Structure formats: structure tokens, C-alpha cells
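Here are the chains, one letter per residue:
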Amino acid sequence: VIGHSASEELCPVCGDRVSGYHYGLLTCESCKGFFKRTVQDKKRYVCAETQTCWIDKAQRKRCPFCRFQKCLEVGMRLEAVRADRMRGGRNKFGPLYKLDRTMKQQRRAQAEAHVHTDSSDLVSSGAVNPPSFSMTSETKTYYTYGANIPHFTMVHGHPKNPRGPRKPNVPLFVLELLSSDPDETQVQNKIRQRLQQHKHQWKKHGQPGLFRLIFHLSEQMLLSFIEWARTSVFFKQLEVIDQMTLLHHCWSELLLLDHINRQVLQDNKGQLLLITGYEVSVVGCHAGHILSSVIQLGQDLIAKFQLLKVDREEFVCMKYLLIFNPDGKQLENRLFIESVQGQVRGALLDYALSSQYPSRFSQLLQCLSEIHFLSTLAEEYLWTKHENGEVPSNSLLTEMLYAKRRYFHL
DNA sequence: TTAGCCTTGAAC
DNA sequence: GTTCAAGGCTAA
């Protein structure tokens, strides 16, 4: 069933062999050249059939219209073709290519571990033919996209019924955000499965310490999160470069929010509930100065969330508020991001006002700023661990740490 | 027009 | 100094 290695990827346009990243994603040499010629020379093609021609290696020459259409559909980027025709150097997609490579490497490692254990459900775990980060089907937005303001519409008719009892006074906007929120049990199962694979490696190389375990789980959570974000409402409408900036800005805050969310339902003081369902004790473990602060502040924040009884509706809004943070310096479409943030704020305010506590909204915002502070501490801790060589190299988290320092000169 | 190979140059 | 994705060149 497996046979071929994941490194031998095929061109998403025609299936030919890829020669590297070109205009946003891995493609073959010929589609790279075709895309360049088309965009540089502003070529206009006409399809002789019904604009649905099949494109593969043998037929790609037959209909340039459909070939170019497919180039755009799989996510090739018009803006990566240089107007000034300058040669050499690097463009703004560099970080994207790097993240894509890191994620593919992660998945490859997982797939490999999987082959050694159980190869029966590779497809369901997403290890085979993983979608590229830059792949998007938002073709039509390439041309029309500018500083357009997002407008909320109920595209799905009725949002899926969220878990738990139906509540009154939940704004439609929030219901829609909830409906596309990933299912905790599914994420949990996926990560448990992957953890099981790693146990075989750990048998060989020794059990990981608590730090390594939490590091590993955080990395898995981040991977799941990025996978989810790529297709989630509003985020998918952004230019890749802005998606990257937002991710680099918010990844640690998101991990913390998600983590806190998990602790709220249980009330075991000093016990940490992991995504896998395991509980670990953080009380009395000998932590350094920074880590002690992280743990203490984290516990305080969890207590605050428990006291406030922050619910799923509020969590999902807080998540979007963390993601759509217009503070990044190099955001191309700040207006869009500000607008999404404004809408989420508005919806959360409406929802909070419907509760019996008038100050609830500002308390929730206060929680967010505490999460922000906690995240800077946590990153500082991770950075010292990294400097001491105690963090696995080539990891997604390290990559995010570096990227954030590059972007924000921290 | 296509597509394989070549040259270039900023980021690392 | 090395990388590697841009643009350029050219035979088929």
C-alpha cells in the first residue's frame, strides 16, 4: 500500500516531477515556465471545450486555458512573478517555503514511524499525499482581492449543532465560528494515534521527560491548528504572506488558550490535563525561575477561567481574536484583519452582554491580555531551552520561535 | 510555444 | 560561501 516515499511529490498541476518551489508551491519545471510566460506576457487563452479539460503530463499542452486555470486553482501565485523581471535573490515567500518544508518533514517522520507500526490507516491519518500549505482553492479571490472588507454570510444555511445544550442569545456569527471549530475528540484521537507511533521509538531511545512530552504534544496541536486554519473562514481569504505573519504572531497564545480551555472543565488543582487525556502533576516539580512563573501564572489564569465559567462560544471568539491580531508590522491587508477582529469583538460583546454580568466582556479581554503576557514568558522559557540545546532541532516550534524573532525583532 | 538547462543574487 | 527560486536562453 505504501511503497513510495512522500519526498517524491508530483506537480499538483500536471503530475510531472517537481523541481522545487515555484510561485508559491512545489511544481514541475514546465508548469513553472508556463506560468511565468503566461503572467509575464499577459497571455489570454481560450478553451475550445467547456473549460474543464483534464490536465496531465501528456495533455498539458493541449489546452493552455485550462492549464493556467489549474495553476491558479492549486495555488500558484501571480504576485510571485516579478513585474520588474529582476533575477536572482529571494522573495517574500521564503518563510512560507520553509514552513511548508518543516511541516512536510514532520509528517514524513510520522508516516515513517507509522510504517514501522501499523500501515493500515495511513490515509486516514493524513500522512499520504498531505495537502501543501499553500494549496488553496480560493482562485477567484486572487483577482478581486484587495482591501475588501469581509462580509459575514451564512454560507452553510444552518450551522452544525454544536456539542452541548443549545443556548439562547448566541449570535449567528458566533454559531458559525463554532460550527467550523475542530472537534476535540477527533484531534485527540489523531494525536493519541501519533503518540502511539512514537512510543515505539521511545522504547528504543528511552522515555521522554515531561518537557519532551509536552513539547511534542504542543507541536502536534500546532500542526492540527495550522491544518484547520488553512481552511477556516476569513483566514483562508488572506494572502499567504499575511497568514504567515498572523501564525507567527499568535501560535504560542493559541496553544496556551487551547491548553487553558482543556483545564477549565476539570478541577484537579495542580494536575495538568493533556490533550491525550493523561494527567500530569506540575506541583512540586523543580522548575527554574521562568518556568515557575509560567506555571504559577498559568494556574492563576486557569482559575480565573474556571471562575468565569468561560464557555465554548467565548473560547472560539477569543481564538479568533488572538489570530486576527492587526499588530503585526508587515501585514499587507491590515484593513481586512482589523475588520474581522472588529466583527468578532462585536459578536463577543453581544454575547457577553446577554449574560448576567455586565463586566464580562472586559474580563474576557483582560484574560486575553494575560494570555499574551504568559505567551511571551513561555516563549522566553522555550528559547532558553533551545539555547541550551534541550529542544529537538528541526522542530516546528523552534521554527516558529525563530520566525517570530525575525518578524518582530524580539 | 514548450520545457530543460543556465545565470543570477538576496537571504541565510 | 551556500542555497535555491527567481528570470533567461534556446533546441525542438
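Worth saying up front: this structure is predicted, and the values here are computed from it rather than measured.

What counts, and where the lines are drawn
Residues numbered from 1 in each chain as written. Chains lettered and ligands numbered in written order. Predicted model: local features only at pLDDT ≥ 70, side-chain atom pairs only at ≥ 80, totals over all residues. Heavy atoms only, no water. Helix = DSSP H or I, 4+ residues; strand = E, 2+ residues; numbered from the N terminus. Buried < 20%, exposed > 50% of the residue type's maximum accessible area, 1.4 Å probe, protein only. Contact = heavy atoms within 4.5 Å. Areas by Shrake-Rupley, 256 points an atom, 1.4 Å probe, with all protein chains shown as cover. UniProt positions renumbered as here; feature names shortened; annotations may be inferred. Salt bridge = Lys/Arg side-chain N within 4 Å of Asp/Glu carboxyl O. Near = heavy atom within 4 Å. Polar contact = N/O pair within 3.5 Å; in protein donor to acceptor, adjacent residues only side chain to side chain. Expected span 1.5 Å × (residues − 1). Axes fitted to C-alpha atoms, helices over the stretch in contact; angles between N-to-C directions. Parallel < 35°, antiparallel > 145°, perpendicular 65-115°, else oblique. Left-handed = near helix turned anticlockwise from the far one by under 90°. Disulfide = S-S within 2.5 Å. Core = buried A, V, L, I, M, F, W, Y, C linked by side-chain atoms within 4.5 Å. Nonpolar A, V, L, I, M, F, W, Y, C, P; charged D, E, K, R; others polar. Phe/Tyr/Trp six-rings, centres within 6.5 Å; stacked < 30°, edge-to-face > 60°.

The secondary structure content of chain A amounts to 13 helices and four strands. Taken across its 410 residues, chain A has 49% of its residues classed as buried. Summarising the internal contacts of chain A: among those between residues at least 6 apart in sequence, 70% fall at separations of at least 24. For chain A, the exposed surface amounts to about 21,400 Å²; the carbon and sulfur share of it is 54%.

In this section: the UniProt feature "binding site: a phospholipid derivative" (unreviewed entry) in chain A. Mapped onto this numbering, the UniProt entry annotates "binding site: a phospholipid derivative" (unreviewed entry) at G288, H289, I290, L291, Y381 and K385. A compact arrangement is adopted by the annotated residues: their sequence extent is 98 residues, whereas the largest C-alpha distance between any two is 12.6 Å. Inspection of the secondary structure puts I290 in helix α9 (residues 289-308).

Right, let's talk about the pattern of salt bridges for a bit. As enumerated under the stated definition, the model contains 17 salt bridges in all. A salt bridge links R85 to D41; its shortest N-O distance comes to 3.5 Å. Residue R85 is located in the loop between α2 (64-74) and α3 (94-117), and its partner D41 is located in the loop between α1 (29-40) and α2; the two are separated by 44 residues in the primary sequence. The closest approach of N and O atoms between E314 and R360, which form a salt bridge, is 2.6 Å. Linking E314 in helix α10 (residues 312-323) with R360 in helix α12 (residues 360-387), this pair joins segments that are 46 residues apart in sequence. Residues participating in the shared-partner salt-bridge network are E9, D100 and K104.

Time to look at the protein's contact with DNA strand C. The local shell around DNA strand C holds 18 residues, among which Y23, R82, R90, Y97 and R101 are the closest. Counting only the atoms of DNA strand C that lie within 4 Å of the protein, the sugar and phosphate share comes to 69%. Between Y21 and DNA strand C, the recorded distance is 3.0 Å, taken from a backbone N or O atom to a phosphate oxygen. Separating a phosphate oxygen of DNA strand C from a backbone N or O atom of R82 is a distance of 2.6 Å.

Next up on the list: helix α7 (residues 210-231). Its 22 residues place the ends of α7 32 Å apart at the C-alpha level, agreeing with the 32 Å of an ideal helix rising 1.5 Å per residue. A large share of α7 lies buried, amounting to 17 of its 22 residues.

For any two helices packed against each other, the geometry is given by the interaxial angle and the distance between the axes. Put simply, helix α8 (residues 240-264) and α9 touch, their axes get as near as 9 Å, and they point 55 degrees apart. Looking at the two axes, α8 sits oblique to α9. For α8 against α9, the interelement crossing comes out right-handed. Residues L257, I260, Q263 and V264 of α8 form the contact with α9, whose own contacting residues are L301, I302, F305 and Q306.

We now examine the protein's contact with DNA strand B. Taken together, 13 residues are adjacent to DNA strand B, and E29, R37, R60, G88 and G89 come closest. Sugar plus phosphate, as a fraction of atoms of DNA strand B within 4 Å of the protein: 63%. A distance of 3.1 Å separates a phosphate oxygen of DNA strand B from a polar side-chain atom of R67. The side chain of R87 places a nitrogen or oxygen atom 2.9 Å from a base oxygen of DNA strand B.

Turning our attention to the state of the cysteines. Should the sulfur atoms of two cysteines be covalently bonded, the bond is a disulfide. This model, assessed by the stated rule, comprises zero disulfides. Unpaired in this structure, C14 has its nearest cysteine sulfur neighbour in C28, at a distance of 3.7 Å. The closest cysteine sulfur to the non-disulfide-bonded C71 is located on C31, 5.3 Å from its own sulfur. The class of C71 is buried, set by a relative accessible area of 0%.

Ranked by internal contacts, the top residues of the largest apolar core, which has 103 residues, are F35, L222, F225, F305 and F324. Tallying contributions element by element places α8 first for this core, with 12 residues. When near neighbours in sequence (up to four residues on either side) are disregarded, F305 contacts L257, I260, V264, V310, F315, M318, C367 and I371.

Turning our attention to the packing of α8 against α10. Remark: α8 packs on α10, axes separated minimally by 8 Å, with the N-to-C direction vectors making an angle of 160 degrees. Considered as vectors, α8 and α10 are oriented roughly antiparallel to each other. Handedness of the α8/α10 crossing: right-handed. Contacts between α8 and α10 involve L246, C250, E253, L254, L257, I260, N261 and V264 on the former and, on the latter, F315, M318, K319, L322 and I323. By residue class, the composition of the contact of α8 with α10 is 10 nonpolar, one polar and two charged.

Turning to the environment of I371, a few remarks are in order. You can see I371 is positioned in helix α12. Residues I371 and G298, spaced 73 residues apart in sequence, show a C-alpha to C-alpha distance of 8.5 Å. Excluding its chain neighbours within four sequence positions, the residues that come into contact with I371 are E253, L256, L257, I260, L301, F305 and L322.

Take the packing of aromatic side chains next. Where two aromatic rings form a pair, the distance of their centres and the angle of their planes describe that pair. Evaluated as defined, the whole model comprises 13 aromatic pairs. Measuring from centroid to centroid gives 4.6 Å for Y21 and Y97, while their planes differ by 35 degrees, and the two rings are tilted. With Y21 in strand β1 (residues 20-22) and Y97 in helix α3, the pair connects residues that are 76 residues apart, well separated along the chain. Accessibility assignment for this pair places Y21 and Y97 in one class, buried. Ring plane angle 80 degrees and centroid distance 6.4 Å describe the contact between F235 and F324, whose orientation is recorded as edge-to-face. Of the two residues, F235 sits in the loop between α7 and α8 while F324 sits in the loop between α10 and α11 (334-353), which places them 89 residues apart along the sequence. Summarising the burial analysis for this pair, F235 and F324 share the class buried. A connected cluster of aromatic rings, assembled from ring pairs, spans F173, F225, W228, F234, F235, Y320 and F324.

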